[in-house]
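# A closer look at the structure
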Amino acid sequence: MADIFILGASTILVLVITHLLIKIIKVKYTFWGFPESIYDKHWLLGHLPHIRHQGYLGQHFLDKIIEWTEKYPTMFLLWIGPATARVVLNHPDSLKQILRTADPKPVGYGQAYRHGIPWLGEGLLIAGGAKWKRSRRLLTPAFHFDILKPYVKVYKTCADQLVKNIQTFADRKESAEVFGLVSGCTLDIILQCAFSYETDCQNLLRNDNRYVTTVYEIATEWTRRNTCPWLYSDLFYFNTKMGKQFKSHCDYVHTVADDIIAKRRRALEDADLSERKYLDFLDILLTAKDGDGQGMSIEDIRSEVDTFLFEGHDTTASAISWILYSLAEHPEHQMKCQEEIDRVVSETESGELEWNDLDRLEYLTQCIKEGMRLHSPVPGILRENQAPIKVDNHVIPTGSCLTISIYCLHHNPTVWGQDHMDFRPERFSKENVRKMDPFAYCPFSAGPRNCIGQNFAMAEEKMVLATLLQRFTFSVDKTHMVEKLLAAVMRARNGIKLFASPR
Ligand code: HEM
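Every value quoted in this text rests on a predicted model; they were computed, and no experiment measured them.

## Concerning the site of the ligand
Near the ligand you find 23 residues, and of these Glu 311, Gly 312, Thr 315, Cys 451 and Gly 453 are the closest. Among the secondary structure elements, those contributing two or more residues to the shell around the ligand are α14 (298–329) and α21 (454–471). Of the residues forming the shell around the ligand, the biggest block, seven residues, is contributed by α14. Among the residues forming the shell around the ligand, the class breakdown is 13 nonpolar, six polar and four charged.

Shown next, in the form of C-alpha coordinates:
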(Lines give C-alpha, C1' and ligand atoms only; values in the text may rest on other atoms or scores of the structure.)
Protein backbone atom coordinates (compact mmCIF):
# COMPACT_ATOMS: atom_id res chain seq x y z
CA MET A 1 0.00 0.00 0.00
CA ALA A 2 2.79 2.38 1.07
CA ASP A 3 4.68 1.50 -2.15
CA ILE A 4 1.68 2.43 -4.30
CA PHE A 5 1.34 5.73 -2.46
CA ILE A 6 5.05 6.58 -2.92
CA LEU A 7 4.87 5.59 -6.60
CA GLY A 8 1.76 7.75 -7.12
CA ALA A 9 3.27 10.75 -5.31
CA SER A 10 6.58 10.46 -7.23
CA THR A 11 4.73 10.24 -10.56
CA ILE A 12 2.75 13.40 -9.74
CA LEU A 13 5.94 15.20 -8.69
CA VAL A 14 7.74 14.18 -11.89
CA LEU A 15 4.74 15.32 -13.98
CA VAL A 16 4.58 18.69 -12.19
CA ILE A 17 8.34 19.28 -12.56
CA THR A 18 8.24 18.23 -16.25
CA HIS A 19 5.25 20.56 -16.86
CA LEU A 20 7.12 23.42 -15.17
CA LEU A 21 10.32 22.75 -17.10
CA ILE A 22 8.45 22.67 -20.42
CA LYS A 23 6.72 25.93 -19.49
CA ILE A 24 10.04 27.56 -18.55
CA ILE A 25 11.68 26.46 -21.81
CA LYS A 26 8.68 27.62 -23.86
CA VAL A 27 8.55 31.07 -22.20
CA LYS A 28 12.34 31.52 -22.44
CA TYR A 29 12.25 30.55 -26.12
CA THR A 30 9.31 32.88 -26.87
CA PHE A 31 10.95 35.92 -25.28
CA TRP A 32 14.56 35.10 -26.12
CA GLY A 33 16.59 38.30 -26.64
CA PHE A 34 13.85 40.64 -25.36
CA PRO A 35 15.25 43.51 -23.25
CA GLU A 36 15.31 42.74 -19.54
CA SER A 37 17.38 43.65 -16.54
CA ILE A 38 19.20 40.37 -15.84
CA TYR A 39 21.27 41.99 -13.09
CA ASP A 40 18.12 42.64 -11.09
CA LYS A 41 16.72 39.15 -11.74
CA HIS A 42 16.82 36.32 -9.20
CA TRP A 43 17.45 32.91 -10.86
CA LEU A 44 14.23 31.43 -9.40
CA LEU A 45 12.06 34.36 -8.32
CA GLY A 46 12.72 36.60 -11.33
CA HIS A 47 11.99 40.25 -10.48
CA LEU A 48 9.66 39.35 -7.58
CA PRO A 49 12.12 40.57 -4.90
CA HIS A 50 11.81 44.06 -6.44
CA ILE A 51 8.07 43.79 -6.95
CA ARG A 52 7.48 42.69 -3.35
CA HIS A 53 10.34 44.66 -1.80
CA GLN A 54 9.73 44.70 1.98
CA GLY A 55 6.43 42.93 1.32
CA TYR A 56 4.62 45.66 -0.60
CA LEU A 57 4.49 47.24 -4.02
CA GLY A 58 5.85 50.72 -3.39
CA GLN A 59 8.48 53.34 -4.11
CA HIS A 60 11.31 50.81 -4.53
CA PHE A 61 9.49 49.09 -7.39
CA LEU A 62 8.60 52.44 -9.01
CA ASP A 63 12.25 53.53 -8.85
CA LYS A 64 13.30 50.24 -10.43
CA ILE A 65 10.85 50.42 -13.33
CA ILE A 66 11.96 53.98 -14.06
CA GLU A 67 15.58 52.76 -14.06
CA TRP A 68 14.61 49.97 -16.50
CA THR A 69 12.64 52.43 -18.65
CA GLU A 70 15.75 54.60 -18.90
CA LYS A 71 17.70 51.54 -20.10
CA TYR A 72 14.96 50.01 -22.26
CA PRO A 73 12.73 52.87 -23.48
CA THR A 74 10.35 50.85 -25.68
CA MET A 75 9.64 47.73 -23.62
CA PHE A 76 11.17 45.31 -21.11
CA LEU A 77 10.39 41.95 -19.54
CA LEU A 78 9.27 41.53 -15.98
CA TRP A 79 9.66 38.01 -14.60
CA ILE A 80 7.26 36.78 -11.94
CA GLY A 81 8.99 33.58 -10.94
CA PRO A 82 10.84 31.37 -13.44
CA ALA A 83 7.98 30.62 -15.83
CA THR A 84 5.90 33.81 -16.10
CA ALA A 85 7.07 36.80 -18.13
CA ARG A 86 5.12 40.03 -18.55
CA VAL A 87 5.97 42.32 -21.47
CA VAL A 88 5.96 45.88 -20.15
CA LEU A 89 5.25 48.51 -22.80
CA ASN A 90 6.45 52.00 -21.90
CA HIS A 91 6.71 53.99 -25.13
CA PRO A 92 3.96 55.61 -27.29
CA ASP A 93 5.08 53.66 -30.40
CA SER A 94 4.91 50.28 -28.67
CA LEU A 95 1.78 50.71 -26.58
CA LYS A 96 -0.32 52.42 -29.25
CA GLN A 97 -0.32 49.13 -31.17
CA ILE A 98 -2.40 47.46 -28.46
CA LEU A 99 -4.37 50.48 -27.23
CA ARG A 100 -5.78 51.08 -30.71
CA THR A 101 -7.50 47.68 -30.53
CA ALA A 102 -10.36 46.44 -28.34
CA ASP A 103 -8.32 43.34 -27.44
CA PRO A 104 -9.48 41.86 -24.15
CA LYS A 105 -8.12 42.09 -20.62
CA PRO A 106 -6.28 38.92 -19.52
CA VAL A 107 -8.52 36.88 -17.19
CA GLY A 108 -6.77 33.48 -17.32
CA TYR A 109 -5.15 31.65 -14.41
CA GLY A 110 -2.86 33.98 -12.46
CA GLN A 111 -3.87 37.07 -14.43
CA ALA A 112 -4.54 40.28 -12.52
CA TYR A 113 -8.07 41.02 -13.74
CA ARG A 114 -9.21 37.49 -12.82
CA HIS A 115 -8.48 38.26 -9.17
CA GLY A 116 -10.76 41.30 -9.35
CA ILE A 117 -13.79 39.31 -10.59
CA PRO A 118 -15.07 38.30 -7.10
CA TRP A 119 -15.36 42.03 -6.43
CA LEU A 120 -16.26 43.72 -9.73
CA GLY A 121 -17.76 40.76 -11.60
CA GLU A 122 -17.75 41.14 -15.37
CA GLY A 123 -18.55 44.84 -15.33
CA LEU A 124 -17.36 47.21 -18.04
CA LEU A 125 -13.79 47.32 -16.68
CA ILE A 126 -13.15 43.58 -16.84
CA ALA A 127 -15.62 42.25 -19.45
CA GLY A 128 -14.43 41.46 -22.96
CA GLY A 129 -15.88 40.77 -26.42
CA ALA A 130 -19.60 41.06 -27.06
CA LYS A 131 -20.47 41.59 -23.41
CA TRP A 132 -18.14 44.60 -23.12
CA LYS A 133 -19.38 46.02 -26.45
CA ARG A 134 -23.02 45.84 -25.36
CA SER A 135 -22.37 47.42 -21.96
CA ARG A 136 -20.19 50.17 -23.45
CA ARG A 137 -22.86 51.05 -26.03
CA LEU A 138 -25.53 51.03 -23.35
CA LEU A 139 -23.63 53.21 -20.88
CA THR A 140 -21.99 55.75 -23.20
CA PRO A 141 -25.11 58.02 -23.22
CA ALA A 142 -24.82 58.36 -19.41
CA PHE A 143 -21.64 60.41 -20.01
CA HIS A 144 -23.17 62.76 -22.58
CA PHE A 145 -22.21 66.41 -21.86
CA ASP A 146 -25.87 67.31 -21.30
CA ILE A 147 -25.97 64.77 -18.46
CA LEU A 148 -22.64 65.91 -17.02
CA LYS A 149 -23.37 69.66 -17.02
CA PRO A 150 -25.81 69.73 -14.06
CA TYR A 151 -23.36 67.62 -12.03
CA VAL A 152 -21.19 70.71 -11.38
CA LYS A 153 -23.67 71.66 -8.65
CA VAL A 154 -23.14 68.28 -6.96
CA TYR A 155 -19.35 68.62 -7.30
CA LYS A 156 -19.57 72.05 -5.67
CA THR A 157 -21.83 71.01 -2.77
CA CYS A 158 -19.62 68.01 -1.99
CA ALA A 159 -16.45 70.12 -2.31
CA ASP A 160 -17.96 72.68 0.11
CA GLN A 161 -18.38 69.89 2.66
CA LEU A 162 -14.75 68.89 2.05
CA VAL A 163 -13.73 72.51 2.72
CA LYS A 164 -15.62 72.37 6.05
CA ASN A 165 -13.86 69.15 7.00
CA ILE A 166 -10.43 70.56 6.16
CA GLN A 167 -11.32 73.76 8.07
CA THR A 168 -11.63 71.74 11.31
CA PHE A 169 -7.94 70.79 10.96
CA ALA A 170 -6.99 74.36 10.01
CA ASP A 171 -8.77 75.66 13.13
CA ARG A 172 -6.64 73.37 15.28
CA LYS A 173 -3.52 74.33 13.25
CA GLU A 174 -3.08 70.63 12.48
CA SER A 175 -2.18 69.07 9.17
CA ALA A 176 -4.99 67.10 7.52
CA GLU A 177 -4.62 63.66 5.92
CA VAL A 178 -6.14 64.67 2.61
CA PHE A 179 -6.33 61.30 0.82
CA GLY A 180 -9.01 59.97 3.19
CA LEU A 181 -10.96 63.24 3.22
CA VAL A 182 -10.87 63.57 -0.56
CA SER A 183 -11.97 59.91 -0.95
CA GLY A 184 -15.08 60.66 1.14
CA CYS A 185 -15.81 63.62 -1.13
CA THR A 186 -15.37 61.74 -4.41
CA LEU A 187 -17.50 58.86 -3.10
CA ASP A 188 -20.21 61.37 -2.15
CA ILE A 189 -20.03 62.80 -5.69
CA ILE A 190 -20.30 59.49 -7.57
CA LEU A 191 -23.10 58.25 -5.28
CA GLN A 192 -25.17 61.35 -5.96
CA CYS A 193 -24.39 61.78 -9.66
CA ALA A 194 -24.54 58.20 -10.95
CA PHE A 195 -26.91 56.65 -8.44
CA SER A 196 -29.00 59.58 -7.11
CA TYR A 197 -28.03 58.21 -3.68
CA GLU A 198 -27.42 60.55 -0.76
CA THR A 199 -25.41 59.51 2.30
CA ASP A 200 -23.47 61.27 5.02
CA CYS A 201 -20.25 59.65 3.88
CA GLN A 202 -18.32 62.90 4.45
CA ASN A 203 -19.48 63.20 8.04
CA LEU A 204 -16.27 63.32 10.09
CA LEU A 205 -18.16 62.41 13.25
CA ARG A 206 -18.80 58.97 11.81
CA ASN A 207 -15.12 58.47 12.43
CA ASP A 208 -14.73 55.98 9.61
CA ASN A 209 -16.18 55.45 6.23
CA ARG A 210 -16.68 51.74 6.00
CA TYR A 211 -17.19 51.67 2.24
CA VAL A 212 -14.01 53.71 1.55
CA THR A 213 -11.89 51.70 3.98
CA THR A 214 -13.25 48.39 2.66
CA VAL A 215 -12.49 49.37 -0.95
CA TYR A 216 -9.02 50.34 0.24
CA GLU A 217 -8.52 46.87 1.75
CA ILE A 218 -9.90 45.09 -1.32
CA ALA A 219 -7.82 47.04 -3.85
CA THR A 220 -4.65 46.59 -1.79
CA GLU A 221 -5.26 42.88 -1.35
CA TRP A 222 -6.10 42.49 -5.06
CA THR A 223 -2.68 43.90 -5.95
CA ARG A 224 -0.93 41.85 -3.27
CA ARG A 225 -2.44 38.63 -4.60
CA ASN A 226 -1.31 39.52 -8.14
CA THR A 227 2.28 39.63 -6.92
CA CYS A 228 2.13 36.28 -5.07
CA PRO A 229 2.10 33.36 -7.55
CA TRP A 230 1.53 30.91 -4.67
CA LEU A 231 -1.88 32.55 -4.11
CA TYR A 232 -3.12 32.21 -7.71
CA SER A 233 -5.12 29.03 -7.06
CA ASP A 234 -8.68 30.01 -5.96
CA LEU A 235 -9.02 26.75 -4.04
CA PHE A 236 -5.98 27.58 -1.94
CA TYR A 237 -6.39 31.36 -1.72
CA PHE A 238 -10.00 31.40 -0.52
CA ASN A 239 -9.04 29.03 2.30
CA THR A 240 -6.34 31.38 3.60
CA LYS A 241 -7.10 34.03 6.23
CA MET A 242 -6.56 36.87 3.73
CA GLY A 243 -8.67 35.11 1.08
CA LYS A 244 -11.56 34.72 3.52
CA GLN A 245 -11.25 38.36 4.54
CA PHE A 246 -11.17 39.45 0.88
CA LYS A 247 -14.37 37.48 0.28
CA SER A 248 -16.07 39.01 3.30
CA HIS A 249 -15.04 42.54 2.21
CA CYS A 250 -16.49 41.82 -1.26
CA ASP A 251 -19.72 40.61 0.37
CA TYR A 252 -19.95 43.89 2.27
CA VAL A 253 -19.46 46.14 -0.80
CA HIS A 254 -22.00 44.01 -2.68
CA THR A 255 -24.59 44.73 0.03
CA VAL A 256 -23.93 48.46 -0.45
CA ALA A 257 -24.47 48.06 -4.20
CA ASP A 258 -27.63 45.96 -3.64
CA ASP A 259 -29.05 48.63 -1.35
CA ILE A 260 -28.39 51.36 -3.93
CA ILE A 261 -30.06 49.29 -6.66
CA ALA A 262 -33.10 48.40 -4.54
CA LYS A 263 -33.73 52.04 -3.55
CA ARG A 264 -33.42 53.26 -7.13
CA ARG A 265 -35.67 50.50 -8.45
CA ARG A 266 -38.40 51.52 -5.99
CA ALA A 267 -38.00 55.21 -6.93
CA LEU A 268 -38.20 54.36 -10.63
CA GLU A 269 -41.47 52.48 -10.17
CA ASP A 270 -43.08 55.77 -9.10
CA ALA A 271 -41.38 57.96 -11.72
CA ASP A 272 -42.63 58.89 -15.19
CA LEU A 273 -39.54 58.29 -17.33
CA SER A 274 -41.17 59.62 -20.51
CA GLU A 275 -40.92 63.13 -19.05
CA ARG A 276 -37.16 62.84 -18.50
CA LYS A 277 -34.86 63.80 -21.36
CA TYR A 278 -31.87 61.87 -20.02
CA LEU A 279 -31.50 58.94 -17.66
CA ASP A 280 -28.67 58.67 -15.16
CA PHE A 281 -26.27 55.75 -15.09
CA LEU A 282 -28.31 53.52 -12.79
CA ASP A 283 -31.60 54.35 -14.53
CA ILE A 284 -30.01 53.18 -17.78
CA LEU A 285 -28.92 49.90 -16.21
CA LEU A 286 -32.32 49.25 -14.68
CA THR A 287 -34.37 50.08 -17.76
CA ALA A 288 -32.06 48.68 -20.50
CA LYS A 289 -33.64 46.06 -22.73
CA ASP A 290 -32.23 43.86 -25.49
CA GLY A 291 -33.88 43.55 -28.90
CA ASP A 292 -35.89 40.62 -27.48
CA GLY A 293 -37.08 42.72 -24.53
CA GLN A 294 -34.68 41.06 -22.09
CA GLY A 295 -33.32 43.34 -19.33
CA MET A 296 -29.92 43.04 -17.68
CA SER A 297 -29.56 40.32 -15.06
CA ILE A 298 -29.32 41.29 -11.38
CA GLU A 299 -25.68 40.10 -11.31
CA ASP A 300 -24.78 42.19 -14.36
CA ILE A 301 -26.37 45.31 -12.89
CA ARG A 302 -24.54 44.79 -9.63
CA SER A 303 -21.21 44.28 -11.41
CA GLU A 304 -21.65 47.60 -13.21
CA VAL A 305 -22.64 49.38 -9.98
CA ASP A 306 -19.59 47.95 -8.17
CA THR A 307 -17.34 48.89 -11.09
CA PHE A 308 -18.60 52.48 -11.26
CA LEU A 309 -18.57 52.93 -7.50
CA PHE A 310 -14.91 51.93 -7.42
CA GLU A 311 -13.70 53.46 -10.71
CA GLY A 312 -15.79 56.55 -10.08
CA HIS A 313 -14.34 57.48 -6.70
CA ASP A 314 -10.96 55.85 -6.03
CA THR A 315 -9.30 57.11 -9.22
CA THR A 316 -10.44 60.71 -8.81
CA ALA A 317 -9.49 60.65 -5.10
CA SER A 318 -5.97 59.59 -6.09
CA ALA A 319 -5.73 62.23 -8.82
CA ILE A 320 -6.99 65.12 -6.66
CA SER A 321 -4.89 64.17 -3.61
CA TRP A 322 -1.63 63.85 -5.55
CA ILE A 323 -2.25 67.05 -7.54
CA LEU A 324 -2.91 68.88 -4.28
CA TYR A 325 0.35 67.47 -2.92
CA SER A 326 2.31 68.73 -5.94
CA LEU A 327 0.69 72.16 -5.66
CA ALA A 328 1.56 72.26 -1.94
CA GLU A 329 5.15 71.44 -2.86
CA HIS A 330 5.20 74.22 -5.48
CA PRO A 331 3.73 77.43 -4.01
CA GLU A 332 4.52 79.37 -7.20
CA HIS A 333 2.21 77.17 -9.31
CA GLN A 334 -0.41 77.05 -6.55
CA MET A 335 -0.48 80.87 -6.45
CA LYS A 336 -0.92 81.10 -10.21
CA CYS A 337 -3.89 78.71 -9.98
CA GLN A 338 -5.43 80.76 -7.15
CA GLU A 339 -5.08 84.02 -9.11
CA GLU A 340 -6.72 82.40 -12.12
CA ILE A 341 -9.57 80.91 -10.07
CA ASP A 342 -10.22 84.24 -8.29
CA ARG A 343 -10.32 86.04 -11.65
CA VAL A 344 -12.64 83.55 -13.36
CA VAL A 345 -15.00 83.46 -10.34
CA SER A 346 -15.09 87.27 -10.19
CA GLU A 347 -16.17 87.35 -13.83
CA THR A 348 -19.17 85.03 -13.29
CA GLU A 349 -22.63 86.52 -12.73
CA SER A 350 -23.53 84.29 -9.79
CA GLY A 351 -20.10 84.31 -8.16
CA GLU A 352 -20.06 80.50 -8.60
CA LEU A 353 -18.29 78.44 -11.23
CA GLU A 354 -20.58 76.86 -13.83
CA TRP A 355 -19.80 74.11 -16.35
CA ASN A 356 -18.65 76.56 -19.07
CA ASP A 357 -16.29 78.34 -16.65
CA LEU A 358 -14.28 75.17 -16.08
CA ASP A 359 -12.72 75.45 -19.56
CA ARG A 360 -11.47 78.92 -18.63
CA LEU A 361 -9.33 77.51 -15.80
CA GLU A 362 -6.47 76.93 -18.21
CA TYR A 363 -3.55 77.03 -15.80
CA LEU A 364 -5.33 74.82 -13.28
CA THR A 365 -6.01 72.36 -16.10
CA GLN A 366 -2.31 72.34 -16.99
CA CYS A 367 -1.48 71.60 -13.33
CA ILE A 368 -4.08 68.81 -13.23
CA LYS A 369 -2.64 67.22 -16.37
CA GLU A 370 0.92 67.52 -15.12
CA GLY A 371 -0.12 66.06 -11.74
CA MET A 372 -1.73 63.08 -13.48
CA ARG A 373 1.41 62.60 -15.54
CA LEU A 374 3.76 62.77 -12.57
CA HIS A 375 1.71 60.55 -10.27
CA SER A 376 -0.39 58.47 -12.74
CA PRO A 377 -3.56 57.72 -10.67
CA VAL A 378 -3.98 54.46 -12.61
CA PRO A 379 -0.34 53.34 -12.87
CA GLY A 380 -0.75 50.37 -15.20
CA ILE A 381 -3.25 48.26 -17.13
CA LEU A 382 -3.09 44.87 -18.84
CA ARG A 383 -4.22 43.53 -22.21
CA GLU A 384 -3.97 40.28 -24.14
CA ASN A 385 -3.03 40.80 -27.80
CA GLN A 386 -5.14 39.02 -30.43
CA ALA A 387 -2.49 39.48 -33.13
CA PRO A 388 1.33 39.57 -33.03
CA ILE A 389 2.88 42.95 -32.19
CA LYS A 390 6.29 44.09 -33.39
CA VAL A 391 8.41 46.27 -31.13
CA ASP A 392 11.87 47.11 -32.46
CA ASN A 393 13.05 43.76 -33.87
CA HIS A 394 11.03 41.61 -31.48
CA VAL A 395 7.70 39.96 -32.19
CA ILE A 396 5.34 39.60 -29.24
CA PRO A 397 3.24 36.55 -30.04
CA THR A 398 -0.58 36.46 -29.93
CA GLY A 399 -2.03 35.75 -26.49
CA SER A 400 0.78 37.42 -24.51
CA CYS A 401 -0.03 39.28 -21.31
CA LEU A 402 0.97 42.88 -21.96
CA THR A 403 1.44 45.41 -19.21
CA ILE A 404 0.86 48.95 -20.39
CA SER A 405 2.79 50.85 -17.77
CA ILE A 406 1.21 54.29 -17.72
CA TYR A 407 3.64 55.30 -14.97
CA CYS A 408 6.68 54.30 -17.07
CA LEU A 409 5.23 55.97 -20.17
CA HIS A 410 4.80 59.18 -18.18
CA HIS A 411 8.39 58.92 -16.94
CA ASN A 412 10.02 57.84 -20.17
CA PRO A 413 12.96 60.28 -20.61
CA THR A 414 12.93 59.81 -24.39
CA VAL A 415 9.40 61.25 -24.35
CA TRP A 416 9.42 63.72 -21.42
CA GLY A 417 13.11 64.57 -21.07
CA GLN A 418 15.56 64.01 -18.24
CA ASP A 419 13.49 66.24 -15.93
CA HIS A 420 10.51 63.85 -16.02
CA MET A 421 10.37 63.73 -12.19
CA ASP A 422 9.83 67.51 -12.01
CA PHE A 423 6.40 69.12 -11.77
CA ARG A 424 6.32 71.45 -14.79
CA PRO A 425 2.75 72.41 -15.81
CA GLU A 426 4.08 74.23 -18.91
CA ARG A 427 4.50 70.81 -20.52
CA PHE A 428 0.75 71.07 -21.13
CA SER A 429 0.67 74.57 -22.61
CA LYS A 430 -1.33 74.74 -25.86
CA GLU A 431 1.83 74.93 -28.01
CA ASN A 432 3.44 71.93 -26.31
CA VAL A 433 0.27 69.82 -26.48
CA ARG A 434 0.06 70.46 -30.22
CA LYS A 435 3.50 68.86 -30.67
CA MET A 436 2.71 65.86 -28.43
CA ASP A 437 2.19 62.30 -29.67
CA PRO A 438 -1.45 61.46 -28.72
CA PHE A 439 -0.21 58.27 -27.04
CA ALA A 440 2.53 60.01 -24.98
CA TYR A 441 0.08 61.00 -22.28
CA CYS A 442 -2.52 58.38 -21.32
CA PRO A 443 -3.78 58.78 -17.73
CA PHE A 444 -7.20 57.62 -18.95
CA SER A 445 -5.77 55.00 -21.31
CA ALA A 446 -6.64 55.53 -25.00
CA GLY A 447 -8.45 53.91 -27.92
CA PRO A 448 -11.75 51.99 -27.79
CA ARG A 449 -11.19 50.80 -24.20
CA ASN A 450 -10.34 54.20 -22.82
CA CYS A 451 -11.90 55.57 -19.65
CA ILE A 452 -15.62 56.13 -20.15
CA GLY A 453 -15.64 58.55 -17.19
CA GLN A 454 -12.81 60.88 -18.24
CA ASN A 455 -14.92 64.00 -18.90
CA PHE A 456 -16.76 63.41 -15.64
CA ALA A 457 -13.40 63.04 -13.86
CA MET A 458 -11.77 66.13 -15.38
CA ALA A 459 -14.75 68.36 -14.53
CA GLU A 460 -14.85 66.94 -11.00
CA GLU A 461 -11.11 67.48 -10.47
CA LYS A 462 -11.33 71.08 -11.66
CA MET A 463 -14.34 71.90 -9.49
CA VAL A 464 -13.04 70.26 -6.31
CA LEU A 465 -9.54 71.74 -6.67
CA ALA A 466 -10.87 75.20 -7.57
CA THR A 467 -13.15 75.16 -4.50
CA LEU A 468 -10.29 74.10 -2.22
CA LEU A 469 -7.77 76.59 -3.63
CA GLN A 470 -10.28 79.42 -3.40
CA ARG A 471 -10.49 78.87 0.36
CA PHE A 472 -7.04 77.61 1.37
CA THR A 473 -3.34 77.75 0.62
CA PHE A 474 -1.81 74.30 1.10
CA SER A 475 1.69 73.44 2.31
CA VAL A 476 3.33 70.08 3.04
CA ASP A 477 3.68 68.74 6.57
CA LYS A 478 7.44 68.17 6.58
CA THR A 479 7.22 65.85 9.61
CA HIS A 480 5.25 63.33 7.55
CA MET A 481 6.89 61.15 4.92
CA VAL A 482 4.84 60.75 1.76
CA GLU A 483 5.48 57.49 -0.06
CA LYS A 484 3.73 55.94 -3.02
CA LEU A 485 1.91 52.61 -2.78
CA LEU A 486 0.64 50.81 -5.85
CA ALA A 487 -2.80 49.29 -5.65
CA ALA A 488 -5.31 49.33 -8.47
CA VAL A 489 -4.78 53.11 -8.16
CA MET A 490 -1.74 55.09 -7.01
CA ARG A 491 -2.10 55.50 -3.26
CA ALA A 492 0.06 57.02 -0.54
CA ARG A 493 1.36 54.46 1.93
CA ASN A 494 0.72 56.53 5.07
CA GLY A 495 -1.53 59.09 3.47
CA ILE A 496 -0.74 62.66 2.45
CA LYS A 497 -0.64 65.26 5.21
CA LEU A 498 -1.02 68.92 4.30
CA PHE A 499 -1.46 72.14 6.24
CA ALA A 500 -4.33 74.29 4.98
CA SER A 501 -4.13 78.03 5.74
CA PRO A 502 -7.40 79.90 5.18
CA ARG A 503 -6.99 82.69 2.59
C1 HEM B 1 -8.76 60.64 -12.58
C2 HEM B 1 -9.71 59.77 -12.69
C3 HEM B 1 -9.67 58.56 -13.56
C4 HEM B 1 -8.60 57.93 -14.14
C5 HEM B 1 -7.13 58.31 -14.04
C6 HEM B 1 -9.12 56.79 -14.87
C7 HEM B 1 -8.34 55.94 -15.63
C8 HEM B 1 -8.84 54.87 -16.33
C9 HEM B 1 -8.03 53.95 -17.10
C10 HEM B 1 -6.52 54.02 -17.24
C11 HEM B 1 -8.86 53.04 -17.65
C12 HEM B 1 -8.48 51.83 -18.50
C13 HEM B 1 -8.52 50.62 -17.58
C14 HEM B 1 -8.07 49.34 -18.18
O15 HEM B 1 -7.79 49.27 -19.38
O16 HEM B 1 -8.01 48.34 -17.43
C17 HEM B 1 -10.20 53.36 -17.22
C18 HEM B 1 -11.32 52.64 -17.58
C19 HEM B 1 -12.55 52.87 -17.04
N20 HEM B 1 -12.93 53.93 -16.24
FE21 HEM B 1 -11.74 55.41 -15.56
N22 HEM B 1 -10.47 56.75 -14.71
C23 HEM B 1 -10.85 57.81 -13.93
C24 HEM B 1 -12.13 58.14 -13.56
C25 HEM B 1 -13.25 57.41 -13.84
C26 HEM B 1 -14.59 57.76 -13.45
C27 HEM B 1 -14.96 59.03 -12.69
C28 HEM B 1 -15.41 56.76 -13.88
C29 HEM B 1 -16.88 56.61 -13.76
C30 HEM B 1 -17.69 57.56 -13.43
C31 HEM B 1 -14.58 55.78 -14.57
C32 HEM B 1 -15.02 54.60 -15.12
C33 HEM B 1 -14.25 53.76 -15.89
C34 HEM B 1 -14.75 52.55 -16.52
C35 HEM B 1 -16.15 51.99 -16.37
C36 HEM B 1 -13.69 52.00 -17.25
C37 HEM B 1 -13.72 50.77 -18.14
C38 HEM B 1 -14.02 51.25 -19.56
C39 HEM B 1 -14.03 50.14 -20.61
O40 HEM B 1 -13.24 49.21 -20.54
O41 HEM B 1 -14.84 50.28 -21.53
N42 HEM B 1 -13.27 56.21 -14.53
N43 HEM B 1 -10.16 54.49 -16.43
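## Observations regarding the sheet that holds strand β2 (residues 85–89)
Overall, mixed pairing links the four strands, which are arranged β1-β2-β7-β4 in an open sheet. This sheet does not close on itself; its edge strands, each paired only once, are β1 (75–79) and β4 (380–384). Recorded for the sheet is a direction-independent mean angle of 30° between the axes of neighbouring strands. Bridge count between β1 and β2: five bridges; the pairing is antiparallel. The residue bridging Met 75 from the neighbouring strand is Leu 89, located in β2.

## Here's the deal with the UniProt feature "binding site: heme" (unreviewed entry) in the chain
Mapped onto the present numbering, the UniProt feature "binding site: heme" (unreviewed entry) falls at Cys 451. Relative to the helices and strands, Cys 451 is located in the loop between α20 (430–434) and α21. Owing to 18 C-beta atoms within 10 Å, Cys 451 belongs among the partly exposed residues under this scheme. Sequence-distant contacts of Cys 451, that is, excluding residues within four places in its chain, are made with Phe 444 and Ser 445.

## Thoughts on the sheet that holds strand β3 (residues 176–177)
Picture the strands of a sheet paired through backbone hydrogen bonds; they go either parallel or antiparallel. The sheet built from three strands is open, its strands ordered β3-β11-β8 with antiparallel pairing. A strand with exactly one partner marks an edge of an open sheet, and here the two such strands are β3 and β8 (472–476). Two elements, β8 and strand β11 (residues 497–502), share five bridges in a ladder whose sense is antiparallel. Note on β11: the bridge partner recorded for Thr 473 is Ser 501. On the sheet, α14 packs against β8 and β11 and is oriented at approximately 85° with respect to β8.

## Remarks on helix α12 (residues 241–270)
Over its 30 residues, α12 runs 45 Å from end to end, which matches the ideal 44 Å to within 8%, given 1.5 Å per residue. Turning to α12, its buried residues are Phe 246, His 249, Val 253, Ala 257, Ile 260, Ile 261 and Arg 264. Buried residues in α12 make contact with α5 (117–120), α9 (178–195), α10 (210–226), α13 (281–287) and α14.

Thresholds applied
- Residues numbered from 1 in each chain as written.
- Predicted model: local features only at pLDDT ≥ 70, side-chain atom pairs only at ≥ 80, totals over all residues.
- Near = placed C-beta within 6 Å.
- Helix = DSSP H or I, 4+ residues; strand = E, 2+ residues; numbered from the N terminus.
- Nonpolar A, V, L, I, M, F, W, Y, C, P; charged D, E, K, R; others polar.
- Pairing = 2+ DSSP bridges.
- Axes fitted to C-alpha atoms, helices over the stretch in contact; angles between N-to-C directions.
- UniProt positions renumbered as here; feature names shortened; annotations may be inferred.
- Buried ≥ 20, exposed ≤ 12 C-beta atoms within 10 Å, placed from the backbone.
- Contact = placed C-beta atoms within 7 Å.
- Expected span 1.5 Å × (residues − 1).

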